[in-house]
Amino acid sequence: MAKVIDGKAVAAEVIEQVTAASNALEAQTGSRPGLAVVIVGDDPASHVYVSSKSRMAKQCGFKSVQHTLPLETTQAELEALVAQLNEDPQIHGILVQLPLPDHLAADPVIQSIRPEKDVDGLHIVNAGKLMTGDLEGGLISCTPAGAMLFVRQTHGEDLSGLNAVVIGRSNLFGKPMSALLLAANATVTTAHSRTKDLPGVCRNADILVAAVGRPRMVKPDWVKPGATVIDVGINRIDAPERGEGKTRLVGDVAFDECAEVAAVITPVPGGVGPMTIAMLMANTVTAAMRAHGIKPPAF
């Protein structure tokens, strides 16, 4: 059976480092890292995510500010708030919770955030720095950064000679994940729905990362014996065994079966999920330290 990575435990270690860095910054400068989270409308899942982010920020010793805007907020009003936060020296990280309501365009809002305050790592400047191998100068998208931490803990910093396959090519995860693996010297294949013989491509992977949003798509015969499998999928499926109308979360990987083939595997839930918020906190303290001309620790 594969070793199962405990994402909650690894995330707790990151939060411990972040809290120490936050305390050191305040002791040195009198300033705490400031994180502003903006949410528009009343989507229940988004409110749950935002609450957990705000709670974690306070736990890390940050100044945590939440802006909850009504559903009828206009594009101009939202962009005006971002502009105001850009100018606030006490705010080092700005996060606009996605998805936005249908009448709002997300991309102009994200691109209006100053790159040095873009703790989600979605601004084209941060994406461009990652794609050109500048891992020190920008802010890296949180979920791929968390997944990469698992890879480094398993294989070390240098992935020379290892084949990595990322299933998924989204701007949010697939592309930045491929870039991070490439920067660590892995030989990387970015696979997707148009890939010919996807199972065959995956069987060549020493590191297999699945991020497609299809429940239990990756079967055990897709996995190379002894591979590291990182499951980024979060899918809700019916769970009649729990009672009528009940559901449960599963990943993109058929966990039980693939765990018999892989050497290391992440579970869903409890794998990559907790790392996303932990790396958001790491990006915020990194942004705050850079704003004060202090070199941040490596997370």
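Structure shown above.
Cut-off values and rules
- Residues numbered from 1 in each chain as written.
- Predicted model: local features only at pLDDT ≥ 70, side-chain atom pairs only at ≥ 80, totals over all residues.
- Heavy atoms only, no water.
- Helix = DSSP H or I, 4+ residues; strand = E, 2+ residues; numbered from the N terminus.
- Rg over C-alpha atoms; globule rule 2.2 N^0.38 Å.
- Buried < 20%, exposed > 50% of the residue type's maximum accessible area, 1.4 Å probe, protein only.
- Areas by Shrake-Rupley, 256 points an atom, 1.4 Å probe, with all protein chains shown as cover.
- Lys, Arg positive; Asp, Glu negative; His and termini not counted.
- Charge placed at Lys NZ, Arg CZ, Asp CG, Glu CD.
- 1 Å grid on protein atoms, 1.4 Å probe; cavity = no way out; pocket = protein on both sides within 12 Å on 5 of 7 lines; lining within 4 Å.
- Points joined across faces, edges and corners; volume = space filled by probe spheres on them.
- Nonpolar A, V, L, I, M, F, W, Y, C, P; charged D, E, K, R; others polar.
- Pairing = 2+ DSSP bridges.
- Contact = heavy atoms within 4.5 Å.
- Axes fitted to C-alpha atoms, helices over the stretch in contact; angles between N-to-C directions.
- Salt bridge = Lys/Arg side-chain N within 4 Å of Asp/Glu carboxyl O.
- Parallel < 35°, antiparallel > 145°, perpendicular 65-115°, else oblique.
- Left-handed = near helix turned anticlockwise from the far one by under 90°.
- Right-handed = clockwise from strand over helix to strand, strands pointing away.

Each helix and strand in the protein was counted, giving ten helices and eleven strands. The C-alpha atoms of the protein give a radius of gyration of 19 Å, which matches the 19 Å a tight globule of 299 residues would have. Taken over the C-alpha atoms alone, the protein extends approximately 55 × 45 × 35 Å along its principal axes. Here the protein holds 299 residues, and 48% of them are scored as buried. As displayed, the protein offers around 13900 Å² of accessible surface, 53% of which is attributable to carbon and sulfur atoms. Where the 26 positive side-chain charges of the protein centre and where its 31 negative ones centre are 2 Å apart.

With that out of the way, let us pick up the layout of surface pockets. Using a probe with the size of a water molecule, rolled over the atoms, empty space left in the structure can be pinpointed. In this model, the largest pocket occupies a volume close to 1400 Å³. Elements with a contribution of two residues or more to the lining of the largest pocket: helix 1 (7–29), helix 2 (44–59), strand 4 (93–96), helix 6 (142–155), strand 9 (235–238) and helix 10 (272–291). Here the lining of the largest pocket gets seven residues from one element, more than from any other, and that element is helix 10. Looking at the lining of the largest pocket residue by residue, the classes come out as 28 nonpolar, twelve polar and four charged. Approximately 600 Å³ is the volume attributed to the second largest pocket. Residue lining of the second largest pocket: 22 residues in total, with L135, E136, I140, A298 and F299 positioned closest to the centre. Put simply, the parts of the chain that give the lining of the second largest pocket at least two residues each are helix 6 and helix 10. The class makeup of the residues in the lining of the second largest pocket is 14 nonpolar, three polar and five charged.

Turning next to the sheet that holds strand 11 (residues 264–265). What holds strands together in a sheet is hydrogen bonding between their backbones, with the strands either parallel or antiparallel. Pairing within the open sheet is parallel, and its six strands lie in the order 1-11-8-7-5-6. Strands with a single pairing partner mark the edges of an open sheet, and in this sheet they are strand 1 (3–4) and strand 6 (187–191). The pairing of strand 5 (residues 163–167) with strand 6 spans five bridges and is parallel. Opposite I167, over in strand 6, you have A191 as the bridge partner. Along the sheet, helix 7 (residues 174–183) makes contact with strand 5, strand 6 and strand 7 (207–210), crossing strand 5 at roughly 170°.

Moving on, we come to empty space enclosed by the protein. Scanning the entire structure with this criterion turns up one cavity of 30 Å³ or more. Taken together, I94, L95, V96, I110, I113, D118, D120 and L122 make up the full set of residues lining the largest cavity. Element by element, the count of residues in the lining of the largest cavity is highest for strand 4, at three residues. Here the lining of the largest cavity is built from residues that sort into six nonpolar, no polar and two charged.

Moving on to the pattern of salt bridges. Taken as a whole and assessed by the stated rule, the structure comprises four salt bridges. Across the pair E241 and R248 runs a salt bridge whose closest N-O atoms are separated by 3.3 Å. A relative accessible area of 24% means that R248 is categorised as partly exposed.

The side-chain alternation of strand 8 (residues 228–231) yields two buried faces, one formed by T228 and I230 and the other by V229 and D231. Where strand 7 and strand 8 come together, four bridges link them in parallel fashion. Within the sheet, the bridge partner assigned to I207 lies in strand 8 and is T228. Relative to strand 11, strand 8 runs parallel, the two being bridged by two bridges. Within strand 11, the position partnered with V229 by the bridge is I265.

This part covers the packing of helix 2 against helix 10. One can describe the packing of helix 2 onto helix 10 by two numbers: an axis separation of 10 Å at closest approach and a directional angle of 50°. In terms of axis orientation, helix 2 runs oblique to helix 10. As for the relative orientation of helix 2 and helix 10, their crossing is right-handed in sense. In this structure, helix 2 contributes S52, K53, M56 and A57 to the contact, and helix 10 contributes I277, L280 and M281. Looking at the contact of helix 2 with helix 10, its residues break down into five nonpolar, one polar and one charged.

Bridge count between strand 2 (residues 34–40) and strand 3 (residues 63–69): seven bridges; the pairing is parallel. Looking at the pairing, G34 lines up with K63 of strand 3. Taken together, strand 2, helix 2 and strand 3 constitute a β-α-β crossover, and its handedness is right-handed.

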